[in-house]
Amino acid sequence: MKLSTDRGCKLAILIIACLVLGALLAGWIAPHDPEKAMPELRLKSPDWEYPLGTDHLGRCIFSRMIFGIRMSLLIGVGVVLFSAILGIFLGGTAGYFGGILDETIMRVVDAFLAFPSIFLALAVIGFLGSGLTNMMLSLILVEWTGYARLVRSIILSLKGGEFLEAAMSLGASDQYILRKHLLPNVMPQVLVMATLGVGYAILGAASLSFLGLGVQPPTPEWGSMMNDARPFVRAEPQMMIFPGIAITITVLAFNLLGEGLRERLDPRSNIKMDL
Amino acid sequence: MLSFILRRLLLLLPVLLLVSIISFSLFCLAPGDPAEILLTGPMGTADPATVQEFRHKAGFDDPPQIQYLRWLSRAVRGDLGYSYITGEKVLDEILHSFRSTLRLALASLVISFMISVPIGIMSAVKRESMFDCLGMALALLGVSVPNFWLAYLLIIAFALRLDILPVAGYGSNGDFEHLILPALTLGISAAAITSRVMRASMLEALSQDYILAARARGLHERSVVLGHALRNALLPVITVVGLNFTYLLNGSPVVETIFAWPGIGNLMTYSIYDRDYPVILGCMLFLAVLFLALNLLVDICYYYLNPRLRHEAEH
């Protein structure tokens, strides 16, 4: 598929760069304090002072959206980072050492995969309680299995390769082989999965926050902003529409970038999708 | 065939055991005393002596491993305990709500196929045309749009502005008009994934030698595409049905909550709000078993429909 062409990739990088910049400079860009409630200004229509209007507590929607970038990127990158580390470690161990260790780890992976992902995340939050930390933990528990399976399959395909035999005959330790020979071979495909994973994690986090089980008020987060907007959707639809656009653009950017990276770094899946 | 099914069932056993261990471990980590919640509800207070007596009688003060074994032996017999809130049997509540989810999922599946199959076929046939680019761009957009946002866009358009469909609810018995918006929300989201799989599968079929032979015989293009390529491209559709069902089920907590659709997603979400732990635990176990069974069914269908797999297994 030639959808994620250079143009798509460049557009994605531009959007992500703007988001990162927005997150870093939120304090300067946002015209108002995102958490300061001013009941006298509640449900104000957009004007020059409040470009996207105000919410039910009189908070500036534009400022909350700008600060919401920070939260979304933090969740997306954080979840992917921890999932990838866990997945690489366990998938690498299973693939490289094989035997009973491989069987045990892969059965645990199968067990985690047996749960529909959002229900597993909901159950973790349901038992451990809502909030940012538990939400991130729940998403990590959902996502790590993908990395573990990917890394294991790559390592299995590399095992028996001449470069590994050469390293072993030179007396290299398992840790050295894993770190210096196998990890670099695994990283390109992990990077593709991670880029796509950031988008999924942002989407998952927004869903959980929308249900009131993720980021808690008054912290600005796009999903929880949409949850706040639910009773006012008839009179003030912009409260619902703008955070939704922000989520869509962000997730789309990571998906586009992921597809672009896949075309460059993972020729096998490219062949499969581009027959 | 039988030995294939038996082998797969045997492989499922350790996974099922791990599923139950993961579920029960999470249950054990939950804050609050189940005995107290059961006697008084999550917010109330109870007489400590009564709670202590109940805890002992119900076995809540046993070590976790004993509690797990007791729970597992009941779960195997279909007893998932009672809801803290309604006092009803958990399995009854799950089965009752799952019927609504299944109805919604089937309607969404139909919508998803109605959108994705024509787009997938046309994109593959007219590869790298304007239609292909637009179709696949829409598919990429479709997987990026949060389904709860899409739900509200549909509500704003069809229920609030045009006023032709109800905002939410189940009607007297899951009326058709109440089904349209939630099914459309889930169906559109799922179609984004299916259309890409359909396109890739069609492209693979179109690149085979028998298509070249059919064309060489001077067959009409329509008969080449629909009569030869599509028939072969539909085999991965079985996997797509499984994939779609997973996707639809994953969308159910949010979509069912928005549309007040009394399905399993809604049950799970409200059980979390109410800290109704047995229902959460029951939903987890039920869905995991259902998923494993569904995957097994897909594998069996694949095995049955693909003669190469059968041949490999026999030799």
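Here, the structure is the one placed above.
Below: a short report on this structure. (Residues numbered from 1 in each chain as written. Chains lettered and ligands numbered in written order. Predicted model: local features only at pLDDT ≥ 70, side-chain atom pairs only at ≥ 80, totals over all residues. Heavy atoms only, no water.)

### Notes on the overall build of chain B
Helix and strand content of chain B: 14 helices and zero strands. When its helices and strands are written in sequence order, chain B yields α-α-α-α-α-α-α-α-α-α-α-α-α-α. Along the first, second and third principal axes, the C-alpha atoms of chain B reach 85 × 65 × 30 Å. Residue burial in chain B is summarised as follows: out of 315 residues, 47% are buried. Looking at chain B alone, contacts between residues at least 24 apart form 71% of all its contacts between residues at least 6 apart. Here chain B carries 22 positive and 24 negative side-chain charges, and the mean point of each set is 11 Å from the other. (Helix = DSSP H or I, 4+ residues; strand = E, 2+ residues; numbered from the N terminus. Buried < 20%, exposed > 50% of the residue type's maximum accessible area, 1.4 Å probe, protein only. Contact = heavy atoms within 4.5 Å. Lys, Arg positive; Asp, Glu negative; His and termini not counted. Charge placed at Lys NZ, Arg CZ, Asp CG, Glu CD.)

### A word on the overall build of chain A
Tallying secondary structure elements over chain A gives eleven helices and zero strands in all. Counting from the amino terminus, helix and strand elements in chain A follow one another as α-α-α-α-α-α-α-α-α-α-α. Summarising its shape, the C-alpha atoms of chain A cover approximately 75 × 45 × 35 Å along the three principal directions. Per-residue burial for chain A yields a buried fraction of 56% across its 275 residues. Entry remark: accessible area of chain A is about 11,900 Å², with carbon and sulfur atoms responsible for 67%. Taking the average location of the 21 positive side-chain charges in chain A and that of its 21 negative ones, the two points are 2 Å from each other. (Areas by Shrake-Rupley, 256 points an atom, 1.4 Å probe, with all protein chains shown as cover.)

### As for the pattern of salt bridges
Evaluation of the coordinates by the stated rule reveals twelve salt bridges over all chains. Linking A:D110 and A:R107 is a salt bridge whose minimum nitrogen-to-oxygen distance equals 3.0 Å. Of this pair, A:D110 and A:R107 both sit in helix α4 (residues 99–114), three residues apart, which is roughly one turn of the helix. Taking relative accessible area as the criterion, A:D110 reaches 22% and is therefore assigned partly exposed. Two residues, B:R127 and B:E128, come together in a salt bridge whose shortest N-O distance is 4.0 Å. A relative accessible area of 35% means that B:R127 is categorised as partly exposed. (Salt bridge = Lys/Arg side-chain N within 4 Å of Asp/Glu carboxyl O.)

### Describing the side chain of A:R59
All names here are of chain A. By the secondary structure assignment, R59 is in the loop between α2 (26–29) and α3 (61–97). Judged by relative accessible area, which is 3%, R59 ranks as buried. Ignoring sequence-local partners within four residues, the contact set of R59 consists of P34, E35, K36, A37, G53, T54, R64, P218 and D228.

### Focus: the state of the cysteines
Scanning all chains against the criterion turns up zero disulfides over all chains. Summary of cysteine pairing: A:C9 is not part of a disulfide, and the nearest cysteine sulfur, belonging to A:C18, is at 15 Å. With relative accessibility at 9%, the residue A:C9 sits in the buried group. Cysteine B:C133 is unpaired, with the sulfur of A:C9 as its nearest cysteine sulfur at 16 Å. (Disulfide = S-S within 2.5 Å.)

### Section: the packing of helix α6 (residues 130–144) of chain B against helix α8 (residues 176–206) of chain B
All names here are of chain B. Across the interface, α6 lies against α8 with an axial gap of 8 Å and an inter-helix angle of 140°. The orientation of α6 with respect to α8, classified from their angle, is oblique. Of the two possible hands of crossing, α6 and α8 adopt the one that is left-handed. Of the residues in α8, those touching α6 at D132, M136, A139, L140, G142 and V143 are A192, I193, S195, R196 and R199. (Axes fitted to C-alpha atoms, helices over the stretch in contact; angles between N-to-C directions. Parallel < 35°, antiparallel > 145°, perpendicular 65-115°, else oblique. Left-handed = near helix turned anticlockwise from the far one by under 90°.)

### Re the nonpolar core
The biggest cluster of nonpolar side chains holds 154 residues, and the ones touching the most others in it are A:I75, A:F127 and B:I258. For B:I258, the residues in contact, after removing those within four places along its chain, are A:F210, A:R230, B:F148, B:A151, B:Y152, B:I155 and B:A168. B:V117, B:M202, B:L206 and B:A214 belong to the second largest nonpolar core, which has 15 residues in total. (Core = buried A, V, L, I, M, F, W, Y, C linked by side-chain atoms within 4.5 Å.)

### Considering the interface of chain B and chain A
Taken together, the contact between chain B and chain A spans 55 residues of the former and 47 residues of the latter. When chain B packs against chain A, close to 4,800 Å² is buried across both sides, 77% of that on carbon and sulfur atoms. Interface area lost by chain B to chain A is led by B:F148, B:W149 and B:Y152, which between them contribute 14%. At the junction of chain B and chain A, the tally comes to one salt bridge. Across the salt bridge formed by B:R196 and A:E259, the nearest N and O atoms sit 2.8 Å from each other. Taken together, the elements giving at least two residues each to the side of chain B that touches chain A come down to α1 (2–29), α6, α7 (147–161), α8, α11 (235–258), α12 (264–273) and α13 (277–305) of chain B. For the side of chain B that touches chain A, the element with the highest residue contribution is α1(B), accounting for nine residues. Its residues assigned to classes, the side of chain B that touches chain A shows 42 nonpolar, seven polar and six charged. (Buried area = accessible area lost by both parts, 1.4 Å probe. Nonpolar A, V, L, I, M, F, W, Y, C, P; charged D, E, K, R; others polar.)

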